[in-house]
Amino acid sequence: MASSSPALLFPSTSSSSSPSSARVEAVVLFNICDSYVRRPDQADRVIGTLLGSLLPDGTVHVRNSYVVPHSESADQVAIDIEYHHNMYASHQKVNPKEVIVGWFSTGFGVSGGSTLIHDFYSREVQNPIHLTVDTGFTRGEASIKAYISSNLSLGDRHLAAQFQEIPLDLKMIEAEKAGFEILKSTMVEKLPNDLEGMESSMEKLYILIDEIYKYVDDVVEGRVAADNKIGRFISESVASMPKLSPAVFDKLFNDKIQDNLALVYLSSITRTQITIAEKLNTAAQIL
């Protein structure tokens, strides 16, 4: 472990200008949450390296991450530099196009030791970003923020480092959004099964359709001004749906439901058989 290090030999792919925004893949957030759950008992937070690339428009695209062991006190931070070196070198063998773009930490906002850690990453890459994930649900949800650091100076004298928040875009597909919403919730009794998930999706779909109906009625009645962009989007959405008769649609939907029920039934039988086999095996060992 060490609290400081010489200049590292990693190539810098950033420009001298600060990043304008950040885009984060869902797998990065899941990795951070998983690392927080698996953290040592004495650790208040976890930190790690963010990997990705800098896009031409100034956006930092974060695609991957890994945890870096560390310890910190009120005025000192120690980072396992050798572990960090080995992890980065191993990752470069698999994904050579993904370079260091910053670092992450769990917790709400920027803490006192963040400046020291940010200085460490500033020696590896110009203008690194700092991603924070509030795993403690300080404000009722897992807020996620991205920062860049700028120096506050008085003449030639450096006073302090200031963290400034930048726009953050969470890049997720629909399935990842569902999982992320569960992670953001402070209370989850149980994970939904296939049928419950389908029911929840259909309820949300009905709400969206009702909102579209209301908007179209308001435009027709002259209560709101028409928006050509929204109109084209609705037209394209309707045109993308296959033209099926109600009878054909009901058959396809029912067939799919039957398939899902069959899978649930087979899964239940399999779990029951495994449980019985385990109990028989335990009983045989006792005898």
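Residues numbered from 1 in each chain as written. Predicted model: local features only at pLDDT ≥ 70, side-chain atom pairs only at ≥ 80, totals over all residues. Heavy atoms only, no water.

## Structural notes on the overall build of the protein chain
Thought 1: A count of helical and extended segments in the protein chain gives seven helices and ten strands.
Thought 2: In the protein chain, which comprises 287 residues, the share counted as buried stands at 29%.
Thought 3: In the form shown here, the protein chain has an accessible surface area of approximately 19200 Å², with 57% of it arising from carbon and sulfur atoms. (Helix = DSSP H or I, 4+ residues; strand = E, 2+ residues; numbered from the N terminus. Buried < 20%, exposed > 50% of the residue type's maximum accessible area, 1.4 Å probe, protein only. Areas by Shrake-Rupley, 256 points an atom, 1.4 Å probe, with all protein chains shown as cover.)

## Looking at the confidence of the model for the protein chain
Thought 1: Chain-level pLDDT for the protein chain is 78 on average; 78% of the residues reach the 70-or-more range.
Thought 2: Least confident of the elements in the protein chain is helix α4 (residues 174–184), whose mean pLDDT is 65; most confident is strand β2 (residues 47–54), at 91.
Thought 3: Taken as a whole, residues 1–16 scores under 50 in pLDDT and shows 39 contacts with residues more than four places along the chain or in a different chain. (pLDDT = per-residue confidence, 0-100. Contact = heavy atoms within 4.5 Å.)

## Quick notes on the packing of aromatic side chains
Thought 1: By the definition in use, this model includes three aromatic pairs.
Thought 2: Geometry around Tyr36 places Arg39 over its ring, the cationic atom sitting 3.9 Å from the centre. (Phe/Tyr/Trp six-rings, centres within 6.5 Å; stacked < 30°, edge-to-face > 60°. Lys NZ or Arg CZ within 6 Å of the ring centre and 35° of its normal.)

## As for the pattern of salt bridges
Thought 1: Following the criterion strictly, the structure yields six salt bridges and no others.
Thought 2: In this structure, the salt-bridge partner of Arg38 is Asp34, at a minimum N-O distance of 2.9 Å.
Thought 3: Between Lys145 and Glu165 there is a salt bridge, and its shortest N-O distance comes to 3.6 Å. With Lys145 in strand β8 (residues 144–154) and Glu165 in strand β9 (residues 157–166), this pair connects stretches of sequence that are 20 residues apart.
Thought 4: On the basis of relative accessibility, which here comes to 44%, the residue Glu165 falls in the partly exposed class.
Thought 5: Among the ionic contacts, a cluster of salt bridges with common partners joins Lys214, Asp218 and Arg223. (Salt bridge = Lys/Arg side-chain N within 4 Å of Asp/Glu carboxyl O.)

## Considerations on helix α1 (residues 26–37)
Thought 1: For α1, which comprises twelve residues, the first-to-last C-alpha distance of 17 Å matches the rise-based estimate of 16 Å (1.5 Å per residue) to within 8%.
Thought 2: Buried residues of α1: Ala26, Val28, Leu29, Ile32, Cys33, Ser35 and Tyr36, and no others. (Expected span 1.5 Å × (residues − 1).)

## Focus on the nonpolar core
Thought 1: Grouped together as the largest cluster of nonpolar side chains are 21 residues, with contacts concentrated most on Leu50, Val62, Ile129 and Leu131.
Thought 2: Only β1 (21–25), α1, β3 (59–68), β6 (99–106), β7 (129–133) and β8 provide two or more residues apiece to this core.
Thought 3: Top element by residues in this core is α1. It accounts for five residues.
Thought 4: Among residues more than four places away in sequence, those in contact with Leu131 are Val24, Ile32, Leu50, Trp103, Phe104, Ser105, Ile144, Lys145, Ala146 and Leu168. (Core = buried A, V, L, I, M, F, W, Y, C linked by side-chain atoms within 4.5 Å.)

## Here's the deal with the pairing of β7
Thought 1: Along β7, five of the five residues are buried, which leaves the element largely enclosed by surrounding structure.
Thought 2: Burial along β7 is two-sided: the residues Ile129, Leu131 and Val133 and His130 and Thr132 are all buried.
Thought 3: In this sheet, β7 lies alongside β6 in parallel orientation, the contact comprising five bridges. Across the sheet, residue Trp103 finds its bridge partner in β7, namely His130.
Thought 4: Of the crossover connections in this fold, the one passing from β6 over helix α3 (residues 114–122) to the parallel β7 is right-handed. (Pairing = 2+ DSSP bridges. Right-handed = clockwise from strand over helix to strand, strands pointing away.)

## Examining unusual backbone geometry
Thought 1: Although it is not a glycine, Asn127 sits at a positive phi angle of roughly 50°.
Thought 2: Topologically, Asn127 is positioned in the loop between α3 and β7.
Thought 3: A relative accessible area of 24% places Asn127 in the partly exposed class.

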